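# Structure at a glance
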Amino acid sequence: MALLPILSYPDPRLHTVAQAVKAVDDRIRGLISDMLETMYEANGIGLAATQVNIHERLIVIDVSEERNQPMVLINPEVLWLSPERVRGDEGCLSVPGIYDGVERARAVKIQALDGAGQLRTIEAEDLLAVCIQHEMDHLLGKVFVEYLSPLKRNRIKTKMLKAQRAER
Ligand code: K1U
Ligand code: ZN
């Protein structure tokens, strides 16, 4: 297992559209294991392969309190989004320290392969549904700050670039 470096906004690679995973093989199983380790170490509830500069449709999630219910979504597709929408604060491991309100469907139904390559249908509500939508956006090259006003987004971009310059 290995910790993977997470791309930080506004890295242009975060806007890459991911391609379908072709086979759930040893390479993908190794990547799942590394992504889970990276997500847990960063105290995140989700991580998309895009964020670790791998542009394939793979997501790991764990919204459990005990951090012992990992979920793996390979080639996820949305089947249904609830018309009921909720607004809640979101964060992102690629935009550390920034939390802001985003409106999303309160519930979703998706289809995806699990870590064993089995096709699953998953119905999710509340935090899990929001996390799934946030991570699926990453696979489309979209970061949650793109839902914010241009003014807020530009302020975040400036703050992130300043922090990155100070780190170097
Ligand atoms: O995609 C990511 O960078 C992970 C992100 C997932 C996410 C958090 C909140 C709403 C939607 C999606 C995070 O894990 S951010 C950090 C975090 O642990 C967290 C933030 C807010 C609520 C719960 C957890
Ligand atoms: Zn994110």
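Shown above is the structure to which this text applies.
Just so you know, these numbers come straight off a predicted model, no measurement behind them.

### Re the coordination of the zinc ion (ligand 2)
Only Cys-92 (SG), His-134 (NE2) and His-138 (NE2) from the protein coordinate the zinc ion (ligand 2), and they sit 2.0 to 2.3 Å from it. Here the donor residues of the zinc ion (ligand 2) are spaced in sequence according to C-x41-H-x3-H. Of this pair, Cys-92 sits in the loop between strand 4 (85-90) and strand 5 (100-105) while His-134 sits in helix 2 (residues 126-139), placing them 42 residues apart in sequence. This pair shows no difference in class: Cys-92 is buried, exactly as His-134 is.

### As for the site of ligand 1
Around ligand 1, a shell composed of 14 residues is seen, among which Asn-43, Ile-45, Gln-51, Leu-93 and Glu-135 lie nearest. Between ligand 1 and Gln-51 there is a distance of 2.8 Å, counted from an oxygen atom to a side-chain nitrogen or oxygen. Look at ligand 1: alone it shows 500 Å² of surface, and the protein chains cover 84% of it. Per-element tally for the shell around ligand 1: the top contributor is helix 2, with 4 residues. For the shell around ligand 1, a count of residues per class yields 5 nonpolar, 7 polar and 2 charged.

### A closer look at the sheet that holds strand 7 (residues 119-125)
Sheet architecture is open: 5 strands sit in the order 1-2-3-6-7, paired in antiparallel fashion. Since the sheet does not close on itself, it has two edges, and those belong to strand 1 (46-48) and strand 7, each with one partner. Taking each pair of neighbouring strands and ignoring which way they run, the sheet shows an average axis angle of 40 degrees. Both strand 6 (residues 107-113) and strand 7 contribute to a ladder of 7 bridges, which runs antiparallel. Across the sheet, residue Ala-112 finds its bridge partner in strand 7, namely Arg-120. Against the sheet, helix 1 (residues 26-41) contacts strand 1, strand 2 (58-61) and strand 3 (71-81), and its axis sits at roughly 40 degrees relative to strand 2. Against the sheet, helix 2 contacts strand 1, strand 2, strand 3, strand 6 and strand 7, and its axis sits at roughly 150 degrees relative to strand 2.

### Let's talk about helix 1
With 16 residues, helix 1 should cover 22 Å at 1.5 Å per step; its first-to-last C-alpha distance of 22 Å lies within 8% of that length. The first or second residue beyond helix 1 is Asn-43, which carries a positive phi of 60 degrees.

### Section: the packing of aromatic side chains
Overall, the coordinates contain 0 aromatic pairs when judged by the stated rule. Just above the ring of Tyr-147 sits the side chain of Lys-142; from NZ or CZ to the centre is 4.2 Å.

Each value, and the rule that gives it
Residues numbered from 1 in each chain as written. Chains lettered and ligands numbered in written order. Predicted model: local features only at pLDDT ≥ 70, side-chain atom pairs only at ≥ 80, totals over all residues. Heavy atoms only, no water. Donors = N, O, S within 2.8 Å, 3.2 Å for Na, K, Ca; no water. Helix = DSSP H or I, 4+ residues; strand = E, 2+ residues; numbered from the N terminus. Buried < 20%, exposed > 50% of the residue type's maximum accessible area, 1.4 Å probe, protein only. Near = heavy atom within 4 Å. Polar contact = N/O pair within 3.5 Å; in protein donor to acceptor, adjacent residues only side chain to side chain. Areas by Shrake-Rupley, 256 points an atom, 1.4 Å probe, with all protein chains shown as cover. Nonpolar A, V, L, I, M, F, W, Y, C, P; charged D, E, K, R; others polar. Pairing = 2+ DSSP bridges. Axes fitted to C-alpha atoms, helices over the stretch in contact; angles between N-to-C directions. Contact = heavy atoms within 4.5 Å. Expected span 1.5 Å × (residues − 1). Phe/Tyr/Trp six-rings, centres within 6.5 Å; stacked < 30°, edge-to-face > 60°. Lys NZ or Arg CZ within 6 Å of the ring centre and 35° of its normal.

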